Structure formats: structure tokens, C-alpha cells
Amino acid sequence: MTKSQINRLGDRLRLSESPDEAAHSEPMAKAQALLREVLGIEATSRLKTINTIIEKLRRERTRLATMQDIAGLRVVSKMGLAEQDELVGKITSLFPGSKVDDRRERPSYGYRAVHIIALVDERPVEIQVRTELQDRWAQVMEGMADELGRGIRYGEEPKSKAAAKNLAVMKILSELITSMERHPGEGVKAPEVVAGVEQLLKGLEAILGPLEEGDGP
Amino acid sequence: MTQPLSQFLIVYRRSTRDLIECRDLGTDPPSALKTRFEREKKEKDDPDIEVVLLGAPSIEALRQTHSRYFEKESTGQSVQNLVASTTASSR
């Protein structure tokens, strides 16, 4: 889509009270109710805002019709990777034909979670399944993006050195959380963690020192 | 019987991480969505303002899954807290 087409689409969405979003609202509520009633899972829901739809169209040069996360649910639970897999299995069984995007294996700039795209009444509903640590990481990153610009979530370099250091810490933390989640209960005793994570912690220590002096952009 | 899901309108200023408004709009999603559209139109010229509608069984559930709107920490502080909580869980 060209820039002017995207701008026109933005205007249309705003003028028409966004029928595309409204059309996703009911399937999203249905999926949320199913998770609750059948699996006893309390998911929270959100519809993408018009501004974030426009941002995504600009960033990914995609089309509104193919956007799969206009409607989204989020499930956060204190669990390890095996339990997360089990939960994902239960959810995909509840929504036959759903697709799984495992971002633990292919993190998106450090972001790790499992996203399930369920089709409900022919509309895609994205169900994000996160462990507590994966969620904590994602929330901190979102907060950083609020302050420093949302592009940092997609690989854009921040403007200040302090912000770049914080981002470097986030990258290391993502790897640290990956190692820890692969070895639940073993913590730093797991061989992989001993070999790799102690080195990461040293890196963190080196980076964290100057952070107190200025962490803004 | 399960508790009905509430629709919460969140108005948030990104750059300062201020939660400007958090309002329980009740349990009727179409009516809540209409309110969100109206508010979003009002704020459309300010890209720093995020207007979002979140559905949850309680505000506590929202604080867990969307904590970003409710925590006003500096970037450095939130990263340091994450380091502390992550390393604490590894022990």
C-alpha cells in the first residue's frame, strides 16, 4: 500500500467507527468466553487501536485484510515451557485449524511468547500465551518503546547511549530467561545455565553500572 | 455462574507513561466500543495518546496482563527491576 492509500484508510476507519474492528469484536468475545468456560482460562482482550493498525500497515507494508492481530487475547501464567506447551495444545484443540507462531524458538527482537491464530467465525483472533517472565520482559520492552519510540521493538537503534545500554540489557535478559525456562527448577545449577548465563550476568553487571546516572533518551 | 467480563477504557500518554483514564464501561462490548471510538476520534491528532479498550474479569486481571499501563517507572528502573526479578528466579 502506498502512503496516501494508508492515510486514506486511516481516515476511513476513523469516519466509519472502524467496521473492521467492530467485526472482530464479537469473535474475540466468543473466543474469550470459550477459553473461560471450557478451559477455565481467564484471558484479557484488546482490539488494536486505529493508530496501531496504521503503524503496522506502514511498517510491514501489509494489508488490513491479512492482518491477524486486530483482535487479541492474552493469557499470562506462572509456568515453565512444558506447561506452556501443554496450554498451547489445549487451546489449539479448542480452536481447530488454528496456527501456532512459536516466538520462543524465533524471538522477535528478544520478544518471546507463543501466539496462536484461531479462526472464529472466519475472523482471526490472536491468542498470546506468555509465562510470567516472558510477559514481564515484554511489558518492560513496551514501556521502553513508549519512551524511546515504538521502532525499538522492531530493531530501530535508540538515539541515546543510555537507551542503547538498556536495550543491550534487555537482549541479554531475553537470553537469560530462555536458558532459565529451558531448565525449570534447576536455576543456575543447570549446565547450560552455568556455562552461558554466568557470562551473561557478568555482561549485565558491566552494563548496569552507569545506568543510574541517566536512563532517559 | 462466572462473573461477566468488564470493558475497561484506557487512555494513556506514552511519552510520560501517564495513565490519564481507566474507566469500567460495563459488560456490553458494542456500547463500550462506541465509547472508545468517540474517545479515539477526540484524540486522533495526538499520536502520543493511546486509547484502548480491554476486556477482563477484573481490574486486577488487567494489571497482570497489561501492567505497562499501570506502572510508571523510568526505563532504567524497570530494566533494573527486571534484572533483579529474573536473577532472583534463577536461584
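Residues numbered from 1 in each chain as written. Chains lettered and ligands numbered in written order. Predicted model: local features only at pLDDT ≥ 70, side-chain atom pairs only at ≥ 80, totals over all residues. Heavy atoms only, no water.

## Comments concerning the layout of surface pockets
Quick note on the threshold: Whether a set of points on the 1 Å grid over the protein atoms alone is a cavity depends on a 1.4 Å probe fitting there but being unable to get out, while an open set qualifies as a pocket with protein on both sides within 12 Å along at least five of seven lines; lining residues are those with an atom within 4 Å of a point. Grid points are joined across faces, edges and corners, and a volume is the space filled by probe spheres set on the points. Per the convention used, a helix needs a DSSP run of H or I reaching at least four residues, while a strand needs a run of E reaching at least two, with both numbered from the N terminus. Each residue receives one of three labels: charged for Asp, Glu, Lys and Arg, nonpolar for Ala, Val, Leu, Ile, Met, Phe, Trp, Tyr, Cys and Pro, and polar for the others, Gly being one of them.
A volume near 820 Å³ is recorded for the largest pocket. Those elements giving two or more residues to the lining of the largest pocket turn out to be strand E1 (44-47), helix H3 (50-60), strand E4 (114-120), strand E5 (123-131) and helix H5 (132-148) of chain A together with strand E3 (49-56) of chain B. Grouping the amino acids of the lining of the largest pocket by side-chain chemistry returns 10 nonpolar, nine polar and 17 charged.

## Here we look at the packing of helix H6 (residues 161-182) of chain A against helix H3 (residues 75-89) of chain B
For the record, the criterion: Orientation is described by axes fitted as lines to C-alpha atoms, over the contacting stretch for helices, and by angles from 0 to 180 degrees between their N-to-C directions. Working rule for angles: under 35 degrees goes down as roughly parallel, over 145 as roughly antiparallel, 65 to 115 as roughly perpendicular, anything else as oblique. Here is the rule for handedness: rotate from the far helix to the near one, and if that takes an anticlockwise turn smaller than a right angle the crossing is left-handed, while a clockwise turn gives right-handed. Only heavy atoms enter the contact rule, under which two residues are in contact if any of them lie within 4.5 Å.
Between H6(A) and H3(B), the shortest axis-to-axis distance is 11 Å and the interhelical angle comes to 20 degrees. Classified by the interaxial angle, the pair formed by H6(A) and H3(B) is roughly parallel. Crossing of H6(A) over H3(B) shows left-handed handedness. Of the residues in H3(B), those touching H6(A) at Asn166(A), Val169(A), Met170(A), Leu173(A), Leu176(A), Ile177(A) and Met180(A) are Thr75(B), Gly76(B), Val79(B), Leu82(B), Val83(B), Thr86(B), Thr87(B) and Ser89(B). Residues that form the contact of H6(A) with H3(B) fall into these classes: nine nonpolar, six polar and no charged.

## Concerning unusual backbone geometry
We note that Tyr109(A) has phi near 50 degrees; this positive angle belongs to a residue other than glycine. One can find Tyr109(A) in the loop between strand E3 (99-102) and E4. For Arg17(B), which is not glycine, the phi dihedral falls at a positive 60 degrees. Here Arg17(B) shows up in the loop between strand E1 (6-13) and strand E2 (18-24).

## Examining H3(B)
Residue and element names in this part refer to chain B. Test applied: A helix is expected to span 1.5 Å for every residue after the first. Partly exposed residues are those whose accessible area sits between 20% and 50% of the maximum for their type, while under 20% is buried and over 50% is exposed, using a 1.4 Å probe and protein chains only. The arc in question is the one traced by the directions running from the helix axis out to the C-beta atoms.
Over its 15 residues, H3 runs 21 Å from end to end, which matches the ideal 21 Å to within 8%, given 1.5 Å per residue. Those residues of H3 not exposed but buried are Thr75, Gly76, Ser78, Val79, Leu82, Val83, Thr86 and Thr87. Angularly, the buried residues of H3 cover 165 degrees about the axis, an arc narrow enough to put them on a single face.

## Comments concerning the interface of chain B and chain A
As a reminder, the rule being used: Once two parts are put together, the accessible area they lose, assessed with a 1.4 Å probe and summed over both, is termed the buried area. Just to be clear on terms, a salt bridge is a Lys or Arg side-chain nitrogen sitting within 4 Å of an Asp or Glu carboxyl oxygen. Here a polar contact means two N or O atoms within 3.5 Å. Within protein one must be a hydrogen donor candidate and the other an acceptor candidate, and residues neighboring in sequence count only if both atoms are side-chain atoms.
Contact with chain B, which involves 47 residues of that partner, is made by 51 residues of chain A. Counting the surface lost from both chain B and chain A, the interface buries some 4,100 Å², and carbon and sulfur atoms represent 58% of this. Interface area lost by chain B to chain A is led by Arg14(B), Thr75(B) and Leu82(B), which between them contribute 14%. Across the chain B-chain A interface, the total number found is three salt bridges. Here chain B and chain A share 13 residue pairs in polar contact (both at pLDDT 80 or more) between them. Taken together, the elements giving at least two residues each to the side of chain B that touches chain A come down to helix H1 (29-42), E3, helix H2 (59-65) and H3 of chain B. In the side of chain B that touches chain A, the residues fall into 18 nonpolar, 18 polar and 11 charged.

## Structural notes on the nonpolar core
Note the threshold: Within this scheme, the nonpolar core is defined by two criteria: the residues are buried Ala, Val, Leu, Ile, Met, Phe, Trp, Tyr or Cys, and they are joined through side-chain atoms within 4.5 Å.
Residues Leu35(A), Leu73(A), Ile91(A), Phe95(A), Ile127(A) and Val129(A) are the most contacted members of the largest nonpolar core, which totals 31 residues. Where this core is concerned, the elements lending two or more residues are helix H2 (19-39), strand E2 (71-77), helix H4 (81-94), E4 and E5 of chain A together with E1, H1 and E3 of chain B. When near neighbours in sequence (up to four residues on either side) are disregarded, Phe95(A) contacts Ala31(A), Leu34(A), Leu35(A), Ala118(A), Val120(A) and Ile127(A). Core analysis: the second largest hydrophobic core is formed by 22 residues, Tyr111(A), Ile152(A), Leu167(A) and Leu173(A) among them.

## Focus: the side chain of Gln32(A)
Relative to the helices and strands, Gln32(A) is located in helix H2. If we ignore the near neighbours within four places in the chain, the residues touching Gln32(A) are Ala43(A), Thr44(A), Ser45(A), Leu73(A), Leu5(B), Gly55(B) and Ala56(B).

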